[in-house]
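Residue-level structure breakdown
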Amino acid sequence: MNFTPMTPSHIEDLARIVSSDRVSTGSSVLDLHAKDQSQHNPVRPEVVIWPESRDEVAAIVTYAENQRIAIVGWGSGSSLEGNPIPVQRGIVLDFSHMNKILAIKTEDFQVDVEPGLIYQDLNEQLRYSGLFFPPDPGARATVGGMIANNASGTRTVHYGSTRDYVLKLTVVLANGEIIEIGSRSAKSSSGYDLLHLFVGSEGTLGLVVEATLRLVGLPEEYAAAIVTFPTIQAASEAVVEIMRSGLNPASLELLDAACIRLFNQEKNLGLKEVPTLFTEFHGPYMTYLVEILEMVEEICRDAGHLGFKRGLGREERNRFFEARHELGEMVIRAHPDCGTQVIDVAVPLTAYSDIISSASLAAEEAGIPGYAFSHAGDGNLHLNLAGRKNNPNDWKLIEEISQELVIKALSYGGTATGEHGVGMGKKGYMAAEHGKSLHWMKQVKALFDPKGILNPGKIFP
Ligand SMILES: Cc1cc2nc3c(=O)[nH]c(=O)nc-3n(C[C@H](O)[C@H](O)[C@H](O)COP(=O)(O)OP(=O)(O)OC[C@H]3O[C@@H](n4cnc5c(N)ncnc54)[C@H](O)[C@@H]3O)c2cc1C
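No experiment lies behind these values; they were computed from the predicted model shown.

**Considerations on the site of the ligand**
Taken together, 34 residues form the shell around the ligand, and within it Gly-73, Ser-78, Ser-79, Pro-137 and Thr-142 come nearest. Residue Gly-75 places a main-chain N or O atom 2.7 Å away from an oxygen atom belonging to the ligand. In the environment of the ligand, an oxygen atom lies 3.3 Å from a nitrogen or oxygen atom belonging to the backbone of Asn-83. Relative to its unbound accessible surface of 990 Å², the ligand loses 94% to contact with the protein.

Rendered as structure tokens:
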């Protein structure tokens, strides 16, 4: 696909659509929009624009399509697979000025938002309504980026992923047309489900300019436990049994000994440095949760646990979650001369024990520092690997480990990406994962974006 190289006259045209102070070709701005949090090579866009309304987005996209210029949406740039890197240069639309809550409909458990809103800021503003938006990818992600990547996180095992919270979207299509998809109803049987076609489409089918999100009530009570195990296998056995028991954890995170060592070093948590399960339950009153934790303890005892620490106060629980969310940065601090790559695969629960054991083993055998952590209840494994920046051999080994884990996950009927999306990093596995249906995905892309201007170079091999 050939794109038109941009000239000063294109920039002048765009500066007539939005005010010129919201159009930049400055080096530092282009650098900031050249890479996400992955190890993929940066590519500078030719211009960055900060739109402030759906009409501005529509006018810019129409211009880009007419001129055949690539155009990529930008949230916080926290993706881990190169999803927003403008590989064909052109225009980056940074949504950070479109970050407002438009309406909170408390009685309907809904909120209307602009795409550039950071989800933690949304939850902060919802605090007094007794409601919240549960998906929590950890980084300071925007709602638009979360919708585009179908992000999820530590609470997905109970609450679901972003997809489950999107009721309605306003989208600007590649030809500049603005459409509304979905409804305010909690359910619908009306026609093709275009809404969920856009969730997880990584900005390749259209740009989200407004979203109606479903909210849920804040739980009355929380109870959490930290459980230690002699081996990853014993911990995974407990995970499967907890899920089978129907006890419905709100969070079920498994971390290997290397992660716990980092938590102790940085946060002084004083935890035993062995495979550790963190589990949390939400419920209406404490006595109910106490009974649940007793059952969980029994399951963990049967799986051979070393210790079961419950009765965590809110502060202790928050400290653990904070550490969990800061793990990526802790790995970077622990290996200052290294870059990191986070592998993300998901498998059916029965294959979980094998995939997480293989992950730790692969890193150990390759001599690459590796940190295995996972949204265990969803069978979603991450392996964070640290490779020396100027050592091609480290990166070759990391690529081999990544390939091995993806191929293993697919052989179990799993997926190459549980939550980070395809971006650039997982394109090579699309044919293996989707077979003949990949052809139909390409047809969908061609239908919505015949000139291929929207986030080109992503998803498709
Ligand atoms: C430390 C760390 C921890 C993380 N943990 C998790 C985790 O637990 N779970 C998880 O799911 N992810 C996780 N991530 C990955 C990342 O935070 C998520 O993928 C997040 O959804 C990206 O949001 P963003 O706002 O940064 O989007 P960006 O990275 O800016 O963009 C993501 C994609 O969305 C597109 N896009 C942006 N805005 C729009 C729009 N308005 N319309 C259409 N397309 C748009 C972009 O073009 C791109 O394809 C983590 C990342 C980091 C750095």
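**Some thoughts on the side chain of Thr-417**
By secondary structure assignment, the location of Thr-417 is in the loop between helix H14 (392-411) and helix H15 (430-434). What makes Thr-417 buried here is its relative accessible area of 15%. One polar contact links Thr-417 to Asp-344, side chain to side chain, over a distance of 2.9 Å. In terms of polar contacts, Thr-417 uses its side chain to reach the backbone amide nitrogen of His-420, at 3.2 Å. The residues contacting Thr-417, other than those within four sequence positions of it, are Asp-344, Val-422 and Lys-426.

**Examining the pairing of strand S13 (residues 251-255)**
A large share of S13 lies buried, amounting to five of its five residues. Pairing geometry for S13 and strand S14 (residues 276-283), over five bridges, is antiparallel. Following the sheet pairing, Leu-254 is matched in S14 by Leu-277. Looking at chain direction, S13 and strand S17 (residues 370-375) are connected through three bridges and run antiparallel. Looking at S17, one finds that Leu-254 is bridged to Ser-374.

**Remarks on a nonpolar patch on the surface**
A cluster of nonpolar side chains, Tyr-192, Leu-194 and Leu-197, forms an exposed patch at the surface whose accessible area comes to about 330 Å². Tracing the backbone shows Leu-194 in helix H7 (residues 194-198). Judged by its relative accessible area of 31%, Leu-194 is partly exposed.

**Section: the packing of aromatic side chains**
Inspection of the entire model under this criterion finds seven aromatic pairs. Between Phe-198 and Phe-448, the aromatic rings sit 5.3 Å apart at their centres with planes inclined by 85 degrees, giving edge-to-face as the arrangement. Here Phe-198, found in helix H7, pairs with Phe-448, found in helix H16 (residues 437-448); they are 250 residues apart in sequence, far enough to count as distant. The class of Phe-198 is buried, set by a relative accessible area of 2%. Its relative accessible area of 16% is what places Phe-448 among the buried residues. Geometrically, the ring pair formed by Phe-278 and Phe-321 is edge-to-face, given 5.0 Å between the ring centres and 80 degrees between the ring planes. Residue Phe-278 is found in strand S14, and its partner Phe-321 is found in helix H11 (residues 314-325); the two are separated by 43 residues along the sequence. Among the aromatic residues, ring-to-ring pairing joins Phe-263, Phe-278, Phe-320 and Phe-321 into one connected group. Lying across the ring of Tyr-165, Arg-214 places its NZ or CZ 4.4 Å from the centre.

Cut-offs and rules
- Residues numbered from 1 in each chain as written.
- Predicted model: local features only at pLDDT ≥ 70, side-chain atom pairs only at ≥ 80, totals over all residues.
- Heavy atoms only, no water.
- Near = heavy atom within 4 Å.
- Polar contact = N/O pair within 3.5 Å; in protein donor to acceptor, adjacent residues only side chain to side chain.
- Areas by Shrake-Rupley, 256 points an atom, 1.4 Å probe, with all protein chains shown as cover.
- Helix = DSSP H or I, 4+ residues; strand = E, 2+ residues; numbered from the N terminus.
- Buried < 20%, exposed > 50% of the residue type's maximum accessible area, 1.4 Å probe, protein only.
- Contact = heavy atoms within 4.5 Å.
- Pairing = 2+ DSSP bridges.
- Patch = residues over 30% accessible without salt bridge, like charges linked within 9 Å, V, L, I, M, F, W, Y side chains within 5 Å.
- Salt bridge = Lys/Arg side-chain N within 4 Å of Asp/Glu carboxyl O.
- Phe/Tyr/Trp six-rings, centres within 6.5 Å; stacked < 30°, edge-to-face > 60°.
- Lys NZ or Arg CZ within 6 Å of the ring centre and 35° of its normal.

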